[in-house]
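Overview (structure and organization)
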Amino acid sequence: MPEFIRKFFVALKRKPQMIALTAVIVAFVWYSFNLTVISFTTTRLQGNNMGLTGFAIMLFSTLAIVCCMNAFPYRKKTNMPMLALLFVMLGIVLFCDVHYLRSVMDKVASGTVNSDNLPEVGQAQTVMKVHIILVIVSAFLAATLPVYRKLIRKINTSIEVEANENMETIDISGE
């Protein structure tokens with residue numbers, strides 16, 4: 001296998017918790033990069049607690065990253081209280097996502113949305129649906145870390161070196 005792929009798998013074998021952390025970060029970055037659409041929709045629709053849920057999603061997503069980093073310390077046992085806190089925070093983010101999406105759908109169904117705002121509102125619905133999927137995947141990856149940690153460690157990343165076959169012929173006396 002090419003060297004860069006081998007090095008990637010060696011790094012994963014040492015720190016498989018980076019997979020779950022990367023998933024949590026990707027969910028946060030997705031929501032952060034689309035915050036303009038979310039803010040526009042919140043301003044135009046002004047549903048019940050839409051602004052508060054947007055704030056809670058940002059806050060608990062940031063805290064979930066910190067909890068994920070502390071839940072899986074390097075070369076130590078899993079920090080169970082931090083892992084439980086991670087799942088609580090991801091659950092709050094998921095609840096806020098669903099509440100925000102339901103608020104948008106209720107406003108659209110009631111007819112209070114102008115036709116000028118429909119593209120942004122549709123984008124906000126798509127952003128929230130993708131964010132829900134990303135948060136669920138992040139929680140799944142964090143929960144199944146012990147399973148795929150064992151599978152990743154079974155990957156053979158050793159290098160076959162041909163010159164080390166006959167160690168007796170190597171002269172190390174320096175003469």
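Above: the structure in question.
Anyway, here's the lowdown on the structure attached to this text. Because the structure is a prediction, the values reported are computed rather than measured. (Residues numbered from 1 in each chain as written. Predicted model: local features only at pLDDT ≥ 70, side-chain atom pairs only at ≥ 80, totals over all residues. Heavy atoms only, no water.)

With that out of the way, let us pick up the nonpolar core. Ile 38, Cys 68, Leu 86 and Met 128 are the most contacted members of the largest nonpolar core, which totals 42 residues. Residue assignment for this core shows that the elements contributing at least two residues are α2 (17–33), α3 (35–45), α4 (50–71), α5 (80–110), α6 (118–143) and α7 (145–153). With near-sequence residues (within four places) excluded, Met 128 lies in contact with Tyr 31, Ile 38, Ile 57, Asp 97, Tyr 100 and Leu 101. (Core = buried A, V, L, I, M, F, W, Y, C linked by side-chain atoms within 4.5 Å. Buried < 20%, exposed > 50% of the residue type's maximum accessible area, 1.4 Å probe, protein only. Helix = DSSP H or I, 4+ residues; strand = E, 2+ residues; numbered from the N terminus. Contact = heavy atoms within 4.5 Å.)

Inspection of the secondary structure assignment puts Gln 125 in helix α6. Not counting the four nearest positions on each side in its chain, Gln 125 is found in contact with Leu 101, Val 104, Met 105 and Val 108.

Before going further, it helps to spend a moment on the packing of α2 against α6. Packing of α2 against α6 leaves a shortest axis separation of 8 Å and a crossing angle of 165 degrees. In terms of orientation, α2 lies roughly antiparallel with respect to α6. Relative to α6, α2 is oriented so that their crossing is left-handed. Between α2, through Ile 19, Ala 20, Ala 23, Val 24, Val 26, Ala 27, Trp 30 and Tyr 31, and α6, the contact on the second element is made entirely by Val 127, Met 128, Val 130, His 131, Leu 134, Val 135, Ser 138, Leu 141 and Ala 142. Looking at side-chain class alone, the contact of α2 with α6 contains 15 nonpolar, two polar and no charged residues. (Axes fitted to C-alpha atoms, helices over the stretch in contact; angles between N-to-C directions. Parallel < 35°, antiparallel > 145°, perpendicular 65-115°, else oblique. Left-handed = near helix turned anticlockwise from the far one by under 90°. Nonpolar A, V, L, I, M, F, W, Y, C, P; charged D, E, K, R; others polar.)

By themselves, these are just geometric observations and shouldn't be taken as functional.
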